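So the chains spell out like this:
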Amino acid sequence: MIRNTICLLGGTGFVGRRLLSMLSKQGRHIRVLSRHPQRHRDIKILPGVELIQANVHDIVSLRQHFTDADAVINLVGILNERRDNGKEFHHVHVDLTRNIIHACQDRGVHRLLHMSALNADPAAASYYLRSKGVAEQLVLQARDLDVSCFRPSVIFGPGDSFINRFAAILKITPLFFPLACGYTRFAPVYVGDVAQAFTESLDMQASFGQRYDLCGPHSYTLQEIVEYVNQTLGLKRIVNPLGNNLSRLQAALLEHVPGKPFSKDNFRSLQVDSVCPKGSHDLQTCFGINPTGMKSIVPAYLLHQNQKHRYDRLRQHLPHPE
Ligand SMILES: NC(=O)c1ccc[n+]([C@@H]2O[C@H](COP(=O)([O-])OP(=O)(O)OC[C@H]3O[C@@H](n4cnc5c(N)ncnc54)[C@H](OP(=O)(O)O)[C@@H]3O)[C@@H](O)[C@H]2O)c1
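Everything in this summary refers to the structure shown in the same document. Given the structure is predicted, the values throughout are model-derived calculations rather than measurements. (Residues numbered from 1 in each chain as written. Predicted model: local features only at pLDDT ≥ 70, side-chain atom pairs only at ≥ 80, totals over all residues.)

**Overview of the sheet that holds strand E2 (residues 29-34)**
Part 1 of the argument: If you trace the seven strands from one edge of the open sheet to the other, you get E3-E2-E1-E4-E5-E6-E11, paired in parallel fashion. At either margin of the open sheet sits one strand with a lone partner, and together these are strand E3 (49-53) and strand E11 (210-214). Direction aside, the axes of adjacent strands within the sheet are offset by 20° on average.
Part 2 of the argument: Of the strand pairs in this sheet, strand E6 (residues 146-152) and E11 are connected by five bridges, and their pairing is parallel. Bridge pairing links Cys149 to Arg211 in E11. (Pairing = 2+ DSSP bridges. Helix = DSSP H or I, 4+ residues; strand = E, 2+ residues; numbered from the N terminus. Axes fitted to C-alpha atoms, helices over the stretch in contact; angles between N-to-C directions.)

Here it is as structure tokens:
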């Protein structure tokens, strides 16, 4: 069965936009629910995309927009909460997922694609990973639903908030960059590969009831990744890895800085390596996707942004035409 009408939650974000353009190219009709459609109206240019203002936490609204949908995809997620108590994570990851399940069941939608995260576990120390783990359990146990669940390591690609964030911090760092949790390992996975796994699985019966760990072809410590960004940008910052106690202290301090560049919960989630179990290659074996390496993609968007930034700065100094 080809699923033509898709209701997409979180479709305005980093992963969502990439997935949206793939679904649009396949000729599907995609209903994107967003809290702030005005901010994302550029996506309406894609054929088949309908951008709808909706409160996704309201089950009545979900029921309304799930009507006649062939599938629902949930990408909604947050990486930080205002207070360090797990409540916001629970609301956005668990309560929302429960409402999505109920709305699917009420409206007779049988297909659900759910975005989780590697290391998601109801018993995790991090509130983020714990809430993602509870949500996974809910979707996989839901009756009358064919669910596929995706668990990526950190995702990179143009517009990401991982590589780009370190690039931005390195650029404003005077000389030494004190890096917390530099010992944690990641297997960065390309956003195009993640989006392709979603599109491949949509109509694939073999993916019903499955969980997929999504990893890139190589694993690196966080320090190796930051050093790589430093080198790619041609910067000469000295990356100083902090030990566990100083990393925890940095998290406690930066948690109070506007924008929360690092939090106590981020620190807890970084106590576990974000790499796939040895021998597991779900992208390749389940979807036939040859995972894309970080080093073949990152320089293009890091250097492009760098040039654009320099050009914008130059323009600021040009005399204004009379
Ligand atoms: N990026 C990664 O490295 C990574 C790694 C592993 C797992 N994941 C998971 O992948 C998913 C997508 O990640 P992303 O990087 O694309 O995230 P993103 O760019 O921050 O986008 C998140 C989306 O969720 C919606 N959203 C955010 N907060 C919300 C809230 N409080 N209530 C309702 N909707 C909210 C936003 O939609 P509107 O603002 O339009 O409403 C936005 O489209 C998330 O579930 C994330 O946990 C990401």
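**A few points about the site of the ligand**
Part 1 of the argument: Every one of the 22 residues lining the ligand counts as a neighbour, but Gly13, Val15, Ser34, Arg35 and Gly77 are closest to it.
Part 2 of the argument: Broken down by element, the residue count for the shell around the ligand peaks at three residues, all from helix H1 (residues 14-25). (Near = placed C-beta within 6 Å.)

**A look at the packing of H1 against helix H6 (residues 191-202)**
Part 1 of the argument: Running from N to C, H1 and H6 point in directions that differ by 55°, and their axes come no closer than 9 Å. The pairing of H1 with H6 is recorded here as oblique in orientation. The handedness of the crossing between H1 and H6 is right-handed. Within the contact between the two elements, H1 uses Phe14, Val15, Arg18, Leu19, Met22 and Leu23 and H6 uses Val191, Gly192, Val194, Ala195, Gln196, Phe198 and Thr199.
Part 2 of the argument: Split into classes, the residues belonging to the contact of H1 with H6 amount to nine nonpolar, three polar and one charged. (Parallel < 35°, antiparallel > 145°, perpendicular 65-115°, else oblique. Left-handed = near helix turned anticlockwise from the far one by under 90°. Contact = placed C-beta atoms within 7 Å. Nonpolar A, V, L, I, M, F, W, Y, C, P; charged D, E, K, R; others polar.)

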